[in-house]
Amino acid sequence: MGIAINTTSLLAASAGTTPPGAGQTGAGSQTPQPALHQPCRCAQAARDGYGTLAGLARTARSDADALAGAVRLCAGLDWTGAAANLCRERLDEIGRAAAALADQAEGTARIAAMAGGAA
Amino acid sequence: MRWVVSSQVVGGRAYATASIEESAAAAAALNEQAGAWRALAVSFAAAPLTLQGQRAGAALCPAMTSGTSGVHPDAGGGVHVALPYERLRERCEDHARVCRDVAGQAEHAAELLIRAYSLYSEAELTTTRLVDELVQFATAAFPGHVALAAGSLAVGGAIGGSLAEGGPNGMYALEATAWAHEGLMAGFAALVGGVGPVRGLRSTDEVNGAATGVARVTAPLYALVQGDTLTVRQVESRTDVVREAHSVADALENLRRLGEERLGKIDLDSGLEHGTIAIQEYRAADGSSSWLVTIPGTDGKPDSPFGWPQNVELMSDDGERRMHAASARMVVEAMERAGIGADEPVALVGHSQGGIVAAAIASDMADRFAIDHVVTAGSPVANHPIPDRTWVTSVEVGDELVAALDGAPNPASDTWLTVRGEVAAVGDGDVAPTVTQDGACVPGTGAGEARPFAWANVADSQGDKQISHWLKYHQAAYRHATDLGSPALDRHEEHFRDVIDGKLVATTYWQGRMVDARTLAPGAPPGMTGVADAIGGGR
């Protein structure tokens, strides 16, 4: 009696790949798979990468909102003079820069998503 | 290398509690945000490494190895995925840079706010007093050990600074020991004055007590050397050395011009010599007069009332001894002869010994003149009993030593405000922003642009470290405090402006000389007298 071998899986495994669905236990799974059914780690790496960038984008948005609050506190002070004026100007600038950064960070995460990280 | 000064305002009229709380909350929020954005910068900077670590888990993937991003079906029907790692790395690095910039700006804004509102000045003053008393105690109790330690610190500082600068420069010895100057002075003064280490902990005027004892010996001896009779005469200036002033900054600039002109450091072609002061009369719209007296510091000339030994008398804790100092007598006589009325508002501005003279007159001549405001620059006046009615604006620089000779920090009260400047070196291209007469702001360059108003440049200070007792350092300190927008300083500035309200009517210059009474001709003209007799101090 011969041994039945799934040649497709074997070839795929030798290349570090596996057919869609083969051996997968769900998105983000880290469960070790039997050698002959090892899924390619690329999809997982992409998902992890996207997760990293999406997390940073969320933090950036939250920090930008908090910074806007601090800038508003400064704007309400009775502080006058050259340094005060320039400081308020700079704080407005960094408030805008922070909001723009949050947008850009979300854009970075979106790039990862579109490249397959959100699959 | 150029030199800059960053300032801190101590004392002055207390702010409304709400204002303090709001500014403290804003500064705390900005500092918190600076921390958050710095952490985010670190996370973004580390993200490419994280992504690479994740990518390494699929090293054999054909999509990963080809480096082509996107979703790639393979020949066997499989799908491979690769992120655009290079592009993501660039974006993450760019995000990290923006985050660092946001953090830096937020932190800088918080620092300016803290300085402008003197948020931690009380705590810092308490710490300074504590350090002073501890150093004083140690000095009084173990003078040999402390002298050795202080000497080592000074020599080490001088060597380190000289090596960094590339040539010998003893000024670094002052910088290295600046934190201990007041305590050391008080400690050694306690030894001279016979004040025990423990008793010294409860007082701050050891230097003034010791000065009284020392002056008893030095004043008569110096009178033998330079003569015991003061002559005061009005002199003419060919040019406007002391010009119309309407702010403390204007008055300090006039003080610098007069001081440097009479020492020959600048040439304004005035013909003014050493031992000269200026008195200005201002007239308000209602016809009333007010006065501004400009008093430069020690010139050290043999026949000058502004010699070195006069400083010791002026530092005495005895009012009569203070007003016996030739410099104080000369200024009082000039003020009387200029016609200053008993109830006419007077502002005195003085540098070094000139500031001590101003403080002495405010302390001891309150029944003769209405001294409403005193401005001192680099003057050790912490223990002078200046009445509360007189507002005092003091400017001191950390490592100048002279301002620390009183052995104590200045009192911090509603009417006594001190601007404390700290000297630092920056690059030649680092120029602080400046504010023009019409209030426009000229941006700085280099670090002065990146961190505007973190400090003020000292005029003509490029090159090696100089002694920071020169008035231009105090001017930079005051300018920085003004630029910061300190509400306490604004109130003092407003008070000073009110005292000399009106238009300048006249500027007169007065020159003092010390002569031996035996050389005076019989029936010498007025002016060859002293006021010591008038106040009962003719010793």
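Residues numbered from 1 in each chain as written. Chains lettered and ligands numbered in written order. Predicted model: local features only at pLDDT ≥ 70, side-chain atom pairs only at ≥ 80, totals over all residues. Heavy atoms only, no water.

Looking up chain B in an unreviewed UniProt entry gives the name Alpha/beta hydrolase, with the organism given as Bifidobacterium phasiani.

Engineer: Quick question: what am I supposed to make of the packing of helix α2 (residues 42–75) of chain A against helix α1 (residues 17–56) of chain B here?
Structural biologist: Packed helix pairs are specified by the crossing angle of their axes together with the interaxial distance, meaning the distance between the axes. Two elements in contact, α2(A) and α1(B), have axes whose closest approach is 9 Å; the angle formed by their N-to-C orientations is 170 degrees. Relative to α1(B), α2(A) is oriented roughly antiparallel. As for the relative orientation of α2(A) and α1(B), their crossing is left-handed in sense. (Axes fitted to C-alpha atoms, helices over the stretch in contact; angles between N-to-C directions. Helix = DSSP H or I, 4+ residues; strand = E, 2+ residues; numbered from the N terminus. Parallel < 35°, antiparallel > 145°, perpendicular 65-115°, else oblique. Left-handed = near helix turned anticlockwise from the far one by under 90°.)

Engineer: I keep staring at empty space enclosed by the protein and nothing clicks. Help me out?
Structural biologist: Think of a ball as big as a water molecule: rolled over the atoms, this probe shows where empty space is left. Applying the stated criterion to the full structure yields 1 cavity of 30 Å³ or more. What the largest cavity holds in volume is close to 40 Å³. Along the walls of the largest cavity sit Leu86(A), Cys87(A), Arg90(A), Leu91(A), Gln105(B), His108(B), Ala109(B) and Pro452(B), which together make up its complete lining. Listed by contribution, the elements that provide at least two residues to the lining of the largest cavity are α3 (82–117) of chain A together with α3 (85–116) of chain B. (1 Å grid on protein atoms, 1.4 Å probe; cavity = no way out; pocket = protein on both sides within 12 Å on 5 of 7 lines; lining within 4 Å. Points joined across faces, edges and corners; volume = space filled by probe spheres on them.)

Engineer: Help me understand the environment of Ala362(B), please; the structure alone is not making it clear to me.
Structural biologist: Residues and elements named next belong to chain B. Position of Ala-362 among the secondary structure elements: in helix α14 (residues 353–364). Given a relative accessible area of 1%, Ala-362 falls into the buried group. In this structure the C-alpha to C-alpha distance between Ala-362 and Leu-348, which are 14 residues apart in sequence, comes to 8.7 Å. Aside from chain neighbours lying at most four places away, what touches Ala-362 is Ile-371, Val-374, Ile-386, Pro-387 and Thr-390. (Buried < 20%, exposed > 50% of the residue type's maximum accessible area, 1.4 Å probe, protein only. Contact = heavy atoms within 4.5 Å.)

Engineer: Explain unusual backbone geometry here, please?
Structural biologist: With glycine set apart, most residues show a phi of negative sign, and most peptide bonds adopt trans. Residue and element names in this part refer to chain B. One non-glycine residue, Ser-118, lies in the positive phi region at around 50 degrees. Considering the arrangement of structural elements, one finds Ser-118 in the loop between α3 and α4 (121–141). For Asp-269, which is not glycine, the phi torsion reads 55 degrees and is therefore positive. Residue Asp-269 is classed as partly exposed on the basis of its relative accessible area of 44%.

Engineer: Would you explain the domain arrangement of chain B in this entry?
Structural biologist: Put simply, an interface is often sized by how much accessible area is lost when its parts join up. Residues and elements named next belong to chain B. Once the domains are mapped, chain B shows domain 1 (123–192) and domain 2 (204–534). Averaged C-alpha coordinates put domain 1 and domain 2 at centres separated by 26 Å. Facing the 20 residues of domain 1 at the interface are 22 residues of domain 2. For the domain 1 and domain 2 pair, buried surface summed over both sides reaches about 1700 Å², with 66% attributable to carbon and sulfur atoms. Of all residues in domain 1, the largest losses of buried area upon contact with domain 2 belong to Met-171, Glu-182 and Met-185, amounting jointly to 29% of the total for that side. (Domains from an automatic or database assignment. Buried area = accessible area lost by both parts, 1.4 Å probe.)

Engineer: Looking at this model, I keep getting lost on the side chain of Thr390(B). Mind explaining?
Structural biologist: All names here are of chain B. Along the chain, Thr-390 turns up in the loop between β8 (370–377) and β9 (391–397). The class of Thr-390 is buried, set by a relative accessible area of 2%. Within the structure, the side chain of Thr-390 is placed 2.7 Å from the backbone oxygen of Ile-371, a separation counted as a polar contact. When sequence neighbours within four positions are dropped, the list of residues in contact with Thr-390 reads Ala-362, Ile-371, Asp-372, His-373, Val-374 and Thr-415. (Polar contact = N/O pair within 3.5 Å; in protein donor to acceptor, adjacent residues only side chain to side chain.)

Engineer: How do you make sense of helix α5 (residues 143–165) of chain B when you look at a structure like this?
Structural biologist: With 23 residues, α5(B) should reach 33 Å at 1.5 Å per residue; the first-to-last C-alpha distance of 32 Å fits that figure. Of the residues making up α5(B), those classed as buried are Val146(B), Ala150(B), Ala154(B), Gly157(B), Ala158(B), Gly161(B), Ser162(B) and Glu165(B). (Expected span 1.5 Å × (residues − 1).)

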